[in-house]
Amino acid sequence: MKVRFQSCDHCRLCNSTDFALLLDFPEMPVLAEPVPAGTMVATGQLTVAACRRCVYVFLREAIGGGIYSDYTYTPQISCDMVDYLRKFVHRMVAGLGLGPDSRGLEIGSGDGSLCREFNAAGVAFTGVEPSRILSGISRERNGVETHHAFMDVALARRLGCRFDLVVVRHVLEHIHDFAAFFEAIDLCLKPAGTLVVEVPYLGEIIRQRQFYAFFFELLSYFSMQTLARLFANHGFHIFKVEFVHPEGG
């Protein structure tokens, strides 16, 4: 079974059409999920390119965001991950001086595990999660106020400019329209607020030869150079960088 994708014919960062082809897989499964033996699996051509102007590495095929609405992949939270999330919360609370009057938002909040830890630390956190399954778990199991939706300008306007901290963990690499995404963040983040982004690091993907990192859901593979350019394009600047390893670097 074949599927169609929106093909990206220009660099998402600098709009250049001058890019080099790095990888070309003629037929790859659309979703990396287990299926019963004999089941027909949707496939498509997957190509990875690098912009010659700004060295941004990206997937040319952009799969529709609708795949996340009924996402069946539900990650299990290990003890190590819970420990990582709690330490993450402690660093944010202490480093940013967050308190009972602070508000936070996580975009792509999954099952609400991080929001739950922030709430337990006394910082009110709201989640935005497009998966019906995960947003339900977030609300019902973890007691997190969760919007079952994609983060967009309309939702940002409803939420209002009220958040001291916006967290985007392992989401930015899935985004096709950076301009709309950052506009939404800008609308709901206070002028003196902080945006925390966590993404897979291209340098580590290369160093560890993580060939499995290239699949349809990941549209971007960021270096520090391309991250800095992306943020600058949308009025943000990087003031601190940390390398963390809960998901392979």
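Up top is the structure.
Note that the structure is a prediction, hence the values are computed from the model and not measured.

Reading guide: rules and limits
Residues numbered from 1 in each chain as written. Predicted model: local features only at pLDDT ≥ 70, side-chain atom pairs only at ≥ 80, totals over all residues. Heavy atoms only, no water. Patch = residues over 30% accessible without salt bridge, like charges linked within 9 Å, V, L, I, M, F, W, Y side chains within 5 Å. Areas by Shrake-Rupley, 256 points an atom, 1.4 Å probe, with all protein chains shown as cover. Salt bridge = Lys/Arg side-chain N within 4 Å of Asp/Glu carboxyl O. Helix = DSSP H or I, 4+ residues; strand = E, 2+ residues; numbered from the N terminus. Buried < 20%, exposed > 50% of the residue type's maximum accessible area, 1.4 Å probe, protein only. Pairing = 2+ DSSP bridges. Axes fitted to C-alpha atoms, helices over the stretch in contact; angles between N-to-C directions. Parallel < 35°, antiparallel > 145°, perpendicular 65-115°, else oblique. Left-handed = near helix turned anticlockwise from the far one by under 90°. Contact = heavy atoms within 4.5 Å. Nonpolar A, V, L, I, M, F, W, Y, C, P; charged D, E, K, R; others polar. Core = buried A, V, L, I, M, F, W, Y, C linked by side-chain atoms within 4.5 Å. Phe/Tyr/Trp six-rings, centres within 6.5 Å; stacked < 30°, edge-to-face > 60°. Right-handed = clockwise from strand over helix to strand, strands pointing away. Expected span 1.5 Å × (residues − 1). Arc of directions from axis to C-beta.

## Regarding a nonpolar patch on the surface
Okay, step 1: On the surface, Ile238, Val241 and Phe243 cluster together into a nonpolar patch covering about 260 Å² of accessible area.
Okay, step 2: Its location among the elements puts Phe243 in the segment after α7 (224-233).
Okay, step 3: Residue Phe243 is classed as exposed on the basis of its relative accessible area, which comes to 52%.

## Thoughts on the sheet that holds strand β10 (residues 189-198)
Okay, step 1: What the five strands build is an open sheet, ordered β8-β7-β6-β9-β10; its pairing is parallel. Two strands lie at the open edges of the sheet, namely β8 (145-147) and β10, each paired on one side alone. If you compare each strand with its neighbour and ignore which way they point, the axes differ by 20 degrees on average.
Okay, step 2: By the bridge criterion, six bridges tie strand β9 (residues 163-169) to β10 in an arrangement that is parallel. Within the sheet, the bridge partner assigned to Arg169 lies in β10 and is Glu198.

## Structural notes on the packing of helix α1 (residues 79-96) against helix α2 (residues 113-120)
Okay, step 1: Across the interface, α1 lies against α2 with an axial gap of 9 Å and an inter-helix angle of 50 degrees. In terms of axis orientation, α1 runs oblique to α2. Like other packed secondary-structure pairs, α1 and α2 cross with a definite hand, here right-handed. Side by side, α1 and α2 meet where Val82, Leu85, Arg86, Phe88, Val89, Met92 and Val93 of the first sit next to Ser113, Leu114, Glu117 and Phe118 of the second.
Okay, step 2: Of the residues in the contact of α1 with α2, the class split is eight nonpolar, one polar and two charged.

## Comments concerning the nonpolar core
Okay, step 1: Core analysis: the largest hydrophobic core is formed by 37 residues, its most contacted members being Met151 and Leu172.
Okay, step 2: Elements with a contribution of two residues or more to this core: β3 (43-51), β6 (103-107), α4 (153-159), β9, α5 (178-188), β10 and α7.
Okay, step 3: Ranked by residue count, the leading element in this core is α5, at six residues.
Okay, step 4: With residues near it in sequence (within four places) discarded, Leu172 still touches Phe178, Phe181, Phe182, Val197, Val199, Phe222, Leu227, Leu230 and Phe231.
Okay, step 5: Of all hydrophobic cores here, the second largest spans 17 residues; its members include Val30, Val48, Val57 and Phe216.

## Concerning the packing of aromatic side chains
Okay, step 1: Within this structure, the stated rule accounts for 13 aromatic pairs.
Okay, step 2: Taken together through their ring pairs, the aromatic side chains of Phe19, Tyr56, Phe58, Phe178 and Phe222 make up a single cluster.

## Concerning the pairing of strand β7 (residues 124-128)
In summary, the side chains of a regular strand alternate between the two faces of the sheet.
Okay, step 1: Of all five residues in β7, four are buried; the element is thus mostly enclosed.
Okay, step 2: Alignment of β6 against β7, held across five bridges, turns out to be parallel. Residue pairing across strands places Ile107 opposite Val128, the latter belonging to β7.
Okay, step 3: Crossover handedness for the path β6 to α2 to β7: right-handed.
Okay, step 4: Sheet topology note: the β7/β8 ladder contains three bridges and is parallel. What sits directly across from Thr126, in β8, is Glu145.
Okay, step 5: After leaving β7, the chain enters helix α3 (residues 132-140) and then returns to the sheet as β8, a path that is right-handed.

## What about the sheet that holds strand β4 (residues 57-59)?
Okay, step 1: Strand order across the open sheet formed by four strands is β2-β3-β4-β11, with antiparallel pairing between neighbours. The open sheet terminates on both sides in strands that have one partner only, identified here as β2 (19-29) and β11 (220-221).
Okay, step 2: As paired strands, β3 and β4 are joined by three bridges and run antiparallel to one another. Paired with Val48 across the two strands is Leu59, which belongs to β4.

## Structural notes on α1
Turn by turn, an α-helix covers 3.6 residues, leaving residues three or four places apart pointing in a common direction.
Okay, step 1: For α1, with 18 residues, the first-to-last C-alpha span of 26 Å sits near the 26 Å given by 1.5 Å per residue.
Okay, step 2: The complete set of buried residues in α1 reads Met81, Val82, Tyr84, Leu85, Phe88, Val89 and Met92. Relative to the axis of α1, the buried residues are bounded by an arc of 160 degrees and lie together on one face. Seen from the buried face of α1, the exposed residues on the opposite side, beyond 90 degrees, are Cys79, Asp80, His90, Ala94 and Gly95.
Okay, step 3: On the buried face of α1, the contacting elements are α2, β9 and β10.
Okay, step 4: Directly after α1, the chain includes Gly97, whose backbone phi takes a positive value near 65 degrees.

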